[in-house]
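Descriptive structure summary
Residues per chain, in single letters:
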Amino acid sequence: MNDKAPSPAEDADQRIRLGQRLKATREYLGLSQQQVAERTGIVRSAVSDIERGMRKVEVMELQKLARLYRLPASYFLDEEDSADAGEHALAGLPRTGRTLSEGDRIEVTKFIQYLQARRQAEEEQTSAVSPASKGRA
């Protein structure tokens, strides 16, 4: 385990990556910075500074933002550039599923199986398209 503190450059890179993820998620959800401010209690200028990587995010602020965006805070903190929000959401399923009834859990499982089958069918359909037919319009 690495116990040394991040360098100032590493710290800035982490703030920028976190800010980019927060901004991309906010924009995907169609929210303005003002709407985020109103719903979280974080002043709009602070939301802007956070998204630009100019300001560190306090833990409570990140929790509020993650709750508003309906994503786990771990997604925003993931150091991988290719972090997938879906993977982080799936990682929280066991905790989220505890409150579901047995029937609801069965329905969730069926839906997961449906999504897997649909994805497989899409992949098979894509691979079945011949290179010659791709060039025709």
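These remarks concern the structure in this document. Predicted model, so just to flag it, every value in this text is computed and none were measured.

So, on to the nonpolar core. Counting residues in hydrophobic clusters, the biggest one holds 15 residues, and the most contacted among them are Leu22, Val36, Leu65, Tyr69 and Phe76. Breaking this core down by element, the ones donating at least two residues are helix H1 (8–28), helix H3 (44–51), helix H4 (59–69) and helix H5 (73–77). Residue contributions to this core peak at four residues, all from H4. Residues contacting Leu22, with those up to four places away along its chain left out, are Ile50, Glu51, Leu62, Leu65, Tyr69 and Phe76.

On to the pattern of salt bridges. Scanning all chains against the criterion turns up nine salt bridges. We note a salt bridge from Lys110 to Glu107, for which the minimum N-O separation is 3.8 Å. With a gap of three residues between them, Lys110 and Glu107 both fall in helix H8 (residues 102–128), about one helical turn apart. Taking the shortest distance from any N to any O, the salt bridge between Glu122 and Arg119 comes out at 3.8 Å. One end of the pair, Glu122, and the other, Arg119, are both in helix H8, three residues apart, so they sit about a helical turn from each other. Overlapping salt bridges bring together Asp11, Arg15 and Lys56 as one network.

This structure, assessed with the given rule, holds three aromatic pairs. Between the aromatic rings of Tyr69 and Phe76, the centroid separation amounts to 6.1 Å while the plane-to-plane angle is 55 degrees, which identifies the pairing as tilted. Across this residue pair, the class does not change: Tyr69 and Phe76 are buried. Considering the side-chain rings of Tyr75 and Phe76, the 5.1 Å spacing of their centres and the 65 degrees angle between planes classify their relative orientation as edge-to-face. By relative accessible area, which is 11% here, Tyr75 ends up buried. What links up through ring pairs into an aromatic cluster is the set Tyr69, Tyr75 and Phe76. Above the ring of Tyr75, the side-chain terminus of Arg21 is found at 5.4 Å from the ring centroid.

Residues of H3 that are buried: Ala46, Val47, Ser48, Ile50 and Glu51. Looking one or two residues beyond H3, the residue adopting positive phi is Gly53, at roughly 75 degrees.

Calculation rules
In every chain, residue numbers begin from 1 and rise along the written sequence. Where totals are concerned, whole chains, interfaces and linings use all residues; where local detail is concerned, this predicted model gives features only for residues with pLDDT of at least 70, and gives and counts side-chain atom pairs only at 80 or more. Computation of side-chain values covers all heavy atoms of the structure but excludes hydrogens and water. Nonpolar core, defined: a set of buried Ala, Val, Leu, Ile, Met, Phe, Trp, Tyr and Cys residues in which side-chain atoms within 4.5 Å join the residues together. Whether a residue is buried, partly exposed or exposed follows from its accessible area with a 1.4 Å probe, protein chains only, as a fraction of its type maximum: under 20%, in between, or over 50%, in that order. Starting at the N terminus, helices and strands are each numbered in turn, a helix being any DSSP run of H or I of at least four residues and a strand any DSSP run of E of at least two. Throughout, a residue-residue contact means that at least one pair of heavy atoms, one from each residue, lies within 4.5 Å. A pair is scored as a salt bridge if a Lys or Arg side-chain nitrogen falls within 4 Å of a carboxyl oxygen belonging to Asp or Glu. Put simply, two rings from Phe, Tyr or Trp (the six-membered ring, in Trp's case) pair if the centres are within 6.5 Å, and we call them stacked under 30 degrees between planes, edge-to-face over 60, tilted for the rest. The criterion is that NZ of a Lys, or CZ of an Arg, lies within 6 Å of the ring centre and within 35 degrees of the ring normal, and then a charge sits over that ring.

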